[in-house]
Each structure stands twice: as structure tokens, then as C-alpha cells.
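Each chain, letter by letter, is given below.
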Amino acid sequence: MTQISVIGSGVEHKTRAEEVGRLLAEHGATVVCGGLGEVMAAAARGAKSAGGTTIGILPGESRAEANEWIDHAVVTGIGHARNLAVVASGDAVIAVGGRWGTLAEIGFARALGRYVVILEPGLEVEGVPRAGTPEEAVKLALAGIK
């Protein structure tokens, strides 16, 4: 089964993240995320609205930290270092919004050879393809899987 990691942050990006999650589920992909709020919760909520499966890679020590749309919670107890596990668990990565943690995840993903798509408006990272819509982001991510 295909797993796509959805990364990012920012409440202003929740609508687009939810659409990404829904579209991924409609294409049969499992959504992997950090399992917490904002973009992570929105992507998981979107996936669940379309009958999809979600995995949350949590930074803390309790499954109770996971948002309500996570099916499978992975408790790491390693804080921000879990960002590596989030992107390593995806066959491709879609970035929605974000700040420093998202930038680190993009770097990890590229170092691991994962295909990354940045959904507009997003971080400026040289050499990483950009998508103007959630539909385009999902299409590019699924096409980019090796």
C-alpha cells in the first residue's frame, strides 16, 4: 500500500491540508503525519472523511497526544527527531505551509531520496517541485513515487 507523508503547520493551511488528505485517501494512499494539530490534524481528518487510513508519528510518550483522526499512533518519545520517521515512512511527501520543522523534514526527505512536493503558498526550497492546488500536489506526489 502507498503511504504519503503530509507535513507542515499553520492554521491558515488547514483547508488545503484537509483536501490533500481526502484526495490521497480517494487514491488509496495511507496518510502519514506527525499526529498532532493544525495541518497534521486537517490532513488526517480529510483522509478519514474519504474512508482512508492514517498513521501519526508522535513526538511524545503517549498515544493520547494523537489527534482524533489518527488510526495508528506511533509513540516515539524523541521530540522533533521524529520528523525523520515521519518522512521516512512515506513513499513521497507533500508539504503544506510550515516553518523550521517542515524545512527540516523536507531536508530529511530529500536526503532519503523521497519525492517532495510543496503546495503553494509554501516554503521556498530550491529544486523542490511546487503545486498550485491540492489536486496537483497529490498527482505529482503519486507520480513521483519510485
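Structure shown above.
Thresholds, definitions, all that
- Residues numbered from 1 in each chain as written.
- Predicted model: local features only at pLDDT ≥ 70, side-chain atom pairs only at ≥ 80, totals over all residues.
- Heavy atoms only, no water.
- Core = buried A, V, L, I, M, F, W, Y, C linked by side-chain atoms within 4.5 Å.
- Buried < 20%, exposed > 50% of the residue type's maximum accessible area, 1.4 Å probe, protein only.
- Helix = DSSP H or I, 4+ residues; strand = E, 2+ residues; numbered from the N terminus.
- Contact = heavy atoms within 4.5 Å.
- Phe/Tyr/Trp six-rings, centres within 6.5 Å; stacked < 30°, edge-to-face > 60°.
- Lys NZ or Arg CZ within 6 Å of the ring centre and 35° of its normal.
- Expected span 1.5 Å × (residues − 1).
- Arc of directions from axis to C-beta.

Student: Describe the nonpolar core, naming the residues involved and giving the relevant values.
Tutor: In terms of nonpolar packing, the biggest core is built from 22 residues, with Val 6, Val 20, Leu 24, Ile 94 and Val 96 touching the most fellow members. Residue assignment for this core shows that the elements contributing at least two residues are β1 (3-9), α1 (14-26), α2 (39-49), β5 (92-97), β6 (115-119) and α5 (134-143). Per-element tally for this core: the top contributor is α1, with five residues. Leave out the neighbours within four places in its chain, and Ile 94 touches Ile 4, Ser 5, Val 6, Ile 7, Val 20, Leu 24, Val 117, Ala 137, Val 138 and Ala 141. Judged by nonpolar contacts, the second largest core, of 13 residues, contains Ile 55, Val 86, Val 87 and Ala 109.

Student: Any details on the packing of aromatic side chains? Residues and values, ideally.
Tutor: Inspection of every chain in the model, using the stated rule, returns zero aromatic pairs. Just above the ring of Trp 69 sits the side chain of Arg 45; from NZ or CZ to the centre is 4.8 Å.

Student: Go over helix α4 (residues 100-111), please, and point to the residues and values.
Tutor: Here α4 spans 17 Å end to end across twelve residues, near enough to the 16 Å set by a 1.5 Å rise per residue. For α4, the complete set of buried residues consists of Thr 102, Glu 105, Ile 106 and Ala 109. When α4 is viewed along its axis, its buried side chains cluster within an angular range of 100 degrees and face the same direction. Exposed and oriented more than 90 degrees from the buried face of α4 are Trp 100 and Ala 111. For α4, the secondary structure elements touched by its buried residues are β1, α3 (82-88), β5 and β6. Looking at the residues trailing α4, positive phi occurs at Gly 113, about 80 degrees.

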